[in-house]
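What follows is each chain in one-letter form.
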Amino acid sequence: MPILKTPLARFENLSEYSFQANYCDVSDDESKLLMHYLDEGKKDCPVILMLHGEPTWSYLYRNMVDYAVENGFRVIVPDMVGFGKSDKFDNKAPYTYANFNNWLTIFIHKLDLENINLICQDWGGLIGLRVLAAESQLFKNLVAANTFLPTGEEPVSEAFKKWQLFSQTVEVFPVSQVVQRGCKRELSTAECTAYDAPFPDESYKWGVRQFPLLVPTSSDNPESSNNKHAWTVLRSLSIPVLTVFGDSDPITKGADKVIQRNMKGSKGQSHVVLENVAHFIQEDASQQLIQHSVAFFLANS
């Protein structure tokens, strides 16, 4: 199946993003499928794995990496397949929920990651929580930030239905504008350029367009039962859990309470709701998010 690679020239001189590029082959056959990732800090330090969602990439975490490294962590930030500097398909078929889970699982095993401190936001949680449930022995702590794991039994808001329709019908998918709509603060021109960089034209955006359709919004969704099973596992785990949510995110509002009720390790933790923070918490409150996360990880090391 044809693979698209964003020209590296599009990533030159990006604002606040001067990290070294690393690549991991996550194919499970004879083909080659490369995931790009950041790998900062000393290799023998405890690992923080930061997972992005829709329609972002590792650039989203650019202002959090250094603080974590300075506090003694090795920071791994992958770009999901179809996003950032990672390989992209020229059609929508490979972009399934199951494949995203599989690619991340292969990535974690190829890098021999263990005792993982996980930070996940948006689809970073839909994928990350599934992998956590399946590979719980590899994880040490969890910070859930503006994310959720739907089973298809929850009511679907009109806003989300409109988002799904928009993602499929808009002629040119406006990546940076979508990110801006999920922020309280105004992104700079340079930041918008960085969010648009992975996608030279619409042929590179099949992953971006597919993510909204993959969310289980009914119990007959193919992944609904898998997410229900994941919740059964997550309820049984004792892994420490911290929720850090924004108060102005209509997409994940209330999901922090669901996580707190259902995961034993969330009991007694200092959960946070940040004021005047929208969906992309990494843009509106990057330092608050990483400071709360690092303090939590150190306290549960």
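Please refer to the structure placed before this passage.
Residues numbered from 1 in each chain as written. Predicted model: local features only at pLDDT ≥ 70, side-chain atom pairs only at ≥ 80, totals over all residues. Heavy atoms only, no water.

Draft legend 1. Focus on the pattern of salt bridges. Counted by the stated rule, this structure contains 13 salt bridges. Residue K5 is joined to D87 by a salt bridge in which the shortest nitrogen-to-oxygen separation is 2.7 Å. Taken together, the residues span a long stretch of sequence, with K5 in the loop between β1 (3–4) and β2 (22–25) and D87 in the loop between β5 (74–78) and β6 (88–89) at a distance of 82 residues. (Salt bridge = Lys/Arg side-chain N within 4 Å of Asp/Glu carboxyl O. Helix = DSSP H or I, 4+ residues; strand = E, 2+ residues; numbered from the N terminus.)

Draft legend 2. Up close: the sheet that holds strand β7 (residues 116–121). Reading across the sheet, the eight strands line up as β2-β3-β5-β4-β7-β8-β9-β10 and stay open at both edges, with mixed pairing between neighbours. Looking along the sheet, the strands with just one partner apiece sit at the ends: β2 and β10 (272–274). Strand after strand, the sheet turns through a mean of 25° between neighbouring axes, direction not considered. Here four bridges tie β2 to strand β3 (residues 34–40), and the two strands are oriented antiparallel to one another. Along β3, the bridge assignment pairs N22 with Y37. In the packing of helix α3 (residues 123–134) onto the sheet, contacts are made with β4 (47–51), β7 and β8 (139–145), and the angle to β7 comes to roughly 145°. Most of the contacts of helix α9 (residues 255–262) go to strand β9 (residues 241–246), to which it runs at about 170°, and overall it touches β8, β9 and β10. (Pairing = 2+ DSSP bridges. Axes fitted to C-alpha atoms, helices over the stretch in contact; angles between N-to-C directions. Contact = heavy atoms within 4.5 Å.)

Draft legend 3. Inspection of the packing of helix α8 (residues 224–236) against α9 at higher detail. Between α8 and α9, the least distance of the axes is 8 Å, while the angle of their chain directions is 60°. Relative to α9, α8 is oriented oblique. Packed against α8, whose contacting residues are W231, L234 and R235, the element α9 presents V258, I259 and N262 at the interface. Here the contact of α8 with α9 is built from residues that sort into four nonpolar, one polar and one charged. (Parallel < 35°, antiparallel > 145°, perpendicular 65-115°, else oblique. Nonpolar A, V, L, I, M, F, W, Y, C, P; charged D, E, K, R; others polar.)

All we've got here are geometric facts, nothing functional implied.
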